[in-house]
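Examination of the molecular architecture
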Amino acid sequence: MKITIRRAIAEDCERILELVQELAVYENAPDEVTVSLEHFRDGGFGDKPIWWAFVAETTINKLPEDEGGTQTPEIVGFALYYIRFSTWKGQTLYLEDILVTEPMRGQNIGTMLFERIMQEAKEKGFKRIAWQVLEWNEPAINFYKKYNAGFDGEWVNCAIEL
């Protein structure tokens, strides 16, 4: 099986949203995903994109080639980010979500996506990547610890639903 990390394109939005829903189920919030496909697509690929993403794509042979099989690409993970501005640090790449679909975990796909995000931040001249992780998500916390990520317990997340 071959894994390719590539920039997301507009045609990937439906599959990315499916994976977002998988993430919401994992985070015990399956009803919280309310963004429409149109709004999601416009946010990343409209006139003024505000998010960007990389996808992990695998190519799987459905049947052997001698039996007429073809390679079918399938998106099995994604990392979606946007740029935020820190008055103290300047531009920061904010990793909104990173997910590898459950059957594909343990194959270094998350590492490939995360390292592509780090490469993107370096290419853009950013000095920092920021993200959130749920305090109970030990697999994710352990993953980020491999990168010597700092964990800040001082800040409280705030939001207002409009």
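Just above, that's the structure.
The rules behind the values
- Residues numbered from 1 in each chain as written.
- Predicted model: local features only at pLDDT ≥ 70, side-chain atom pairs only at ≥ 80, totals over all residues.
- Heavy atoms only, no water.
- Helix = DSSP H or I, 4+ residues; strand = E, 2+ residues; numbered from the N terminus.
- Buried < 20%, exposed > 50% of the residue type's maximum accessible area, 1.4 Å probe, protein only.
- Contact = heavy atoms within 4.5 Å.
- Phe/Tyr/Trp six-rings, centres within 6.5 Å; stacked < 30°, edge-to-face > 60°.
- Lys NZ or Arg CZ within 6 Å of the ring centre and 35° of its normal.
- Salt bridge = Lys/Arg side-chain N within 4 Å of Asp/Glu carboxyl O.

**Observations regarding the environment of Glu 102**
Within the secondary structure, Glu 102 is located in the loop between β4 (90–100) and α3 (109–123). Given a relative accessible area of 57%, Glu 102 falls into the exposed group. Sequence-wise, Glu 102 and Gly 77 are 25 residues apart; in three dimensions their C-alpha atoms are separated by 9.4 Å.

**So, the side chain of Arg 116**
On the secondary structure map, Arg 116 appears in helix α3. Look at Arg 116 and you get buried, because its relative accessible area is 17%. Those residues in contact with Arg 116 that sit more than four places away from it in its chain are Ile 5, Arg 7, Phe 54 and Glu 123.

**Observations regarding the packing of aromatic side chains**
Throughout the structure, instances matching the rule amount to 13 aromatic pairs. Ring centres of Phe 45 and Trp 51 lie 5.5 Å apart, and the angle between their planes is 85°; this geometry places the pair in the edge-to-face category. Taking 5.6 Å as the distance between ring centres and 80° as the angle between the ring planes, the aromatic pair formed by Phe 114 and Phe 143 counts as edge-to-face. In this pair, Phe 114 sits in helix α3 while Phe 143 sits in helix α4 (residues 138–145), placing the two residues 29 residues apart along the sequence. Judged by its relative accessible area of 17%, Phe 143 is buried. Counting every residue linked through ring pairs, the aromatic cluster contains Phe 114, Trp 131, Phe 143, Tyr 144 and Tyr 147. Arg 105 extends its terminal NZ or CZ atom over the ring of Tyr 26, reaching a point 5.4 Å from the ring centre.

**Here we look at unusual backbone geometry**
Positive phi, normally seen in glycine, also occurs at Asn 108, with a value near 70°. Relative to the helices and strands, Asn 108 is located in the loop between β4 and α3. The phi dihedral of Asn 148 is positive, around 60°, even though this residue is not glycine. Looking at Asn 148, the relative accessible area reads 71%, which means it is exposed.

**Here's the deal with the pattern of salt bridges**
According to the stated counting rule, one finds eight salt bridges in the structure shown. Measuring nitrogen to oxygen at the nearest pair gives 3.9 Å for the salt bridge that ties Arg 15 to Glu 74. On the criterion of sequence distance, the pair formed by Arg 15 in helix α1 (residues 13–26) and Glu 74 in strand β3 (residues 71–86) is long-range, its members being 59 residues apart. Judged by relative accessible area, which is 22%, Arg 15 ranks as partly exposed. Its salt-bridge partner being Glu 120, residue Arg 116 comes within 3.5 Å of it at the nearest N-O pair.

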